[in-house]
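What follows is the residue order along each chain.
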Amino acid sequence: MEIGSRIKELRILKGLTQEELADRSELSKGFISQLERDLTSPSIATLVDILQCLGTNINDFFTVSSDEQVVFKKADYFEKSDTELLNKIEWIIPNAQKNMMEPILLTLQAGGSTYPDNPHEGEEFGYLLQGSVTIHIGTVTHRAKKGESFYFVPSKKHYITSKTGAVLLWVTTPPSF
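Residues numbered from 1 in each chain as written. Predicted model: local features only at pLDDT ≥ 70, side-chain atom pairs only at ≥ 80, totals over all residues. Heavy atoms only, no water.

What follows covers helix α1 (residues 3-13). Those residues of α1 not exposed but buried are Gly-4, Ile-7, Leu-10 and Arg-11. Each buried residue of α1 lies within a common arc of 130° when the element is viewed along its axis, so the set occupies one face. Facing away from the buried side of α1 by over 90 degrees, the exposed positions are Ile-12 and Leu-13. Looking at the buried side of α1, the elements it contacts are α2 (18-25), α3 (29-36), α4 (44-53) and α5 (58-62). Backbone geometry just after α1 places Gly-15 at a positive phi near 75°. (Buried < 20%, exposed > 50% of the residue type's maximum accessible area, 1.4 Å probe, protein only. Helix = DSSP H or I, 4+ residues; strand = E, 2+ residues; numbered from the N terminus. Arc of directions from axis to C-beta. Contact = heavy atoms within 4.5 Å.)

In structure tokens:
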């Protein structure tokens, strides 16, 4: 671990300048500068003082982040095809239903649609990667095409259709699929 770059990262996250961190930790700006460039190393006591000024402690500073997966590849996706509705849903973040939001990649064939979803709390957002869709919210419809996005609070029955086919990124909260 490069201590200096980690200290710099924390300093910037706190919105502090090198001079402000130096003042708070009773060190010189030059020392902080050298420390952040890994040109010098602090004593344990000095490091504890700096970390306290940055709102953390030595244990958390040296704790390596968890093995939680952050990047997901196509092989990680979970896919479900519906031949009746002419759509394919790819959960692009596996197990997203445990999160506050659920991003999916939705592919609608020409004439395809999604299951009507009942009103619920939360939010829905979509971004059209290909094609065009009609968003049905209650009795009102809205059109969106490639490069456009949509957002709504799902307070009425809603679903999406496409006459020509479409691919869109759809994010819902809470997860509803």
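When you line up the elements, Gly-111 lands in the loop between β3 (102-108) and β4 (112-113). For the pair Gly-111 and Val-140, spaced 29 residues apart in sequence, the C-alpha to C-alpha distance is 19 Å. Not counting chain neighbours up to four residues away, the residues in contact with Gly-111 comprise Leu-86, Ser-162 and Lys-163.

Every buried residue belonging to α2 is among Gln-18, Leu-21, Ala-22 and Ser-25, and all of these are buried. Down the axis of α2, the buried side of the element spans an arc of 100°, and every buried residue falls inside it. Opposite its buried face, α2 presents the exposed residues Asp-23 and Arg-24, each directed more than 90 degrees away. Buried positions along α2 lie against α1, α3 and α4.

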